[in-house]
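Chain by chain, the residues run as shown.
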Amino acid sequence: MLSTEENDILTRTDADTPMGEYFRRFWQPVALCQELLEPDGEPLRVTILGEQLVAFRDTEGRVGLMDRRCPHRGADLFFGRNEECGLRCVYHGWKFDVDGKVVELPNVPPGVRHHQSVRIKSYPTREFGGIVWTYMGPDMPEIPDVPRLEFGLVDDARRYVMKQRIECNWAQAMEGDLDTSHFSFLHMPAPNVETTENRDANSPNRHLYWMRRDGRPKFDVLDHEVGFVAGGARATDDEGELYWRMTQFMLPSHGTGPATVPGETYYGFTLIPIDDQSCWMYCYAWNPERDLHQTELDKFKVGHGIIAEIDGEYMPLRNRSNDYGIDRDAQRSETYTGVRGTAEQDIMIQQSQGLIADRTRETLTATDAAIVKFRRLLIDAARDLFESGIEPVAPFLHHAYRTRPGAWVASSNKELGEVLVERFGHERGLVI
């Protein structure tokens, strides 16, 4: 349970708020590269952290990100002309380059100070892993680098990247990922569905039986340089073994799927608040060992795992407006929720908590250990920055973001750090 003040710190990300200032110390995703493919192509509206911006790719292929309002009379630069290495306001022709510098002021006489003084607020951008990223923090002699998440380091053929709009506060989506105990219910077949196949020792779905049977996994959380790794262990059929699902959290808002076994494709995501009541979830799948199969790509396009089925505006097809397509007959006889899609089931529950969850009314249990850790880490770091001026170190540790999540069956006498070494060769799941 949080106090009202703590809940506000966690969830409010506009400028001049503790969490808003904290988020701005890190690189944030603003668009898929495919949304800005063509030099001198059409501009793109971007709203993140409560700021209304516009993105464009200039003649030389550079991506600019700037205030959407022209500093002259406030016209919307989304309607501007993207031409000759700059974005030109169509109202009076004021033109700005990707760095926010004024290029032309047609209605201002030569020699007037406006030609030297006028600028538009802009942010630096970089492209990494099929995503355009921006840094919105304070000016400094050296800014941090984009986090070297592993999906962005593999060849294009070995990754898939998309985004989906989430209609609730960003922290609810993150907490949903850190809560592995819900898998024993939310993503399961209906209780009356026969699961004999899953009891077969040779079944590839054996882990589903273990998760369904054990709704109270043992949790452990281990800190690392840019966040923490959380593991949830469930009993198997062997008293000497535990089934572990391990997920990575990396500051300020990177998460992973916990179920990958060796050779399979990994899943991760980055959340960026649009405002306090909605966010973008940039999802990525990657395989460091091989190209993604066409069958995998086909599944992603219609929704799979953390990836929802979306429309042309990146909105999940099954969403708040249509009650997530819930089928009550299917809920009685087929699936626990009656909602199709793992991602959609997660989205439904996270959004059902409200646009901003009221954490003052919760009753937490031991299985919420990773959620408690997440909240304390973020709230304390945001307070340290906002109240005491203590800058976060994590943004400058970009190589420490190359972590992996996954599942593993290990001896029941092993602690989480030992299990991580068995699974990944590193006690925190870092790829060396």
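A brief report on the enclosed structure follows. (Residues numbered from 1 in each chain as written. Predicted model: local features only at pLDDT ≥ 70, side-chain atom pairs only at ≥ 80, totals over all residues. Heavy atoms only, no water.)

## Remarks on the pattern of salt bridges
Keep this limit in mind: Salt-bridge detection follows one rule: a side-chain nitrogen of Lys or Arg within 4 Å of a carboxyl oxygen of Asp or Glu. Residue burial is assigned from relative accessible area. The probe radius is 1.4 Å, only protein chains are included, and a residue is buried under 20% of its type maximum, exposed over 50%, and partly exposed in between.
Here the structure, examined in full by the defined rule, presents 33 salt bridges. Residue Glu-296 pairs with Arg-290 through a salt bridge whose shortest N-O separation is 2.8 Å. A relative accessible area of 22% places Arg-290 in the partly exposed class. Glu-362 is the salt-bridge partner of Arg-375, the closest N and O atoms lying 2.7 Å from each other.

## Quick look at the packing of helix α4 (residues 170-178) against helix α10 (residues 369-388)
Selection criterion: In this analysis an axis means a line fitted to C-alpha atoms, helices contributing only their contacting stretch, and an angle means the value between N-to-C directions, from 0 to 180 degrees. Secondary structure elements follow DSSP: runs of H or I no shorter than four residues count as helices, runs of E no shorter than two count as strands, and numbering proceeds from the N terminus. Angles below 35 degrees are treated as roughly parallel, those above 145 as roughly antiparallel, those between 65 and 115 as roughly perpendicular, and all remaining angles as oblique. A crossing counts as left-handed when the near helix is turned anticlockwise from the far one by less than a right angle, and as right-handed when that turn is clockwise. Residue contacts are defined here by distance: any two heavy atoms, one from each residue, within 4.5 Å place the two residues in contact. Residue polarity follows a fixed list, in which Ala, Val, Leu, Ile, Met, Phe, Trp, Tyr, Cys and Pro are nonpolar, Asp, Glu, Lys and Arg are charged, and the others, Gly among them, are polar.
At a minimum axis separation of 9 Å, α4 and α10 run at an interaxial angle of 140 degrees. Considering the angle they form, α4 stands oblique to α10. As for the relative orientation of α4 and α10, their crossing is right-handed in sense. In contact with Trp-170, Ala-171, Met-174, Glu-175 and Leu-178 of α4, α10 contributes Ala-370, Ile-371, Phe-374, Arg-375 and Leu-378. In terms of residue class, the contact of α4 with α10 is made up of 8 nonpolar, no polar and 2 charged.

## Structural notes on the environment of Trp-94
To keep it simple, the criterion reads: Polar contact criterion, stated in full: a pair of N or O atoms within 3.5 Å, where within protein one must be able to donate a hydrogen and the other to accept it, and residues adjacent in sequence count only if both atoms are side-chain atoms.
Its location among the elements puts Trp-94 in the loop between β6 (87-88) and β7 (95-96). Residues Trp-94 and Pro-288 lie 194 residues apart in sequence; the distance between their C-alpha atoms is 47 Å. A polar contact of 2.7 Å, which involves the side chain of Trp-94, links it to the side chain of Asn-107.

## A word on the sheet that holds strand β10 (residues 125-128)
Worth spelling out the cut-off: We treat two strands as partners when DSSP finds at least two bridges between them.
If you walk across this open sheet you meet the 3 strands as β1-β11-β10, and the pairing is antiparallel. Among the strands making up the open sheet, the edge pair consists of β1 (27-32) and β10. In this sheet, neighbouring strand axes are inclined to one another by 35 degrees on average, regardless of whether the strands run parallel or antiparallel. Judged from the 5 bridges that link them, β1 and strand β11 (residues 131-135) form a sheet pairing that is antiparallel. If you follow Pro-29 over to β11, its bridge partner there is Trp-133.

## So, the pairing of strand β17 (residues 266-275)
Summarising burial for β17: 9 of the 10 residues are buried, a large majority. Sheet analysis places strand β16 (residues 254-256) next to β17, joined by 3 bridges and oriented antiparallel. Bridging across to β17, His-254 finds its partner in Thr-270. Inspection of the sheet shows β17 paired to strand β18 (residues 278-286) by 9 bridges, in the antiparallel sense. Residue pairing in the sheet places Pro-273 in a bridge with Cys-279 of β18. Count of turn residues in the β17/β18 antiparallel hairpin: 2 residues.

## Let's talk about the pairing of β18
For β18, the buried fraction is high: 9 of the 9 residues fall into the buried class. Burial along β18 is two-sided: the residues Ser-278, Trp-280, Tyr-282, Tyr-284 and Trp-286 and Cys-279, Met-281, Cys-283 and Ala-285 are all buried. Alignment of strand β12 (residues 159-166) against β18, held across 8 bridges, turns out to be antiparallel. Looking across to β18, one finds that Lys-163 is bridged to Tyr-282.

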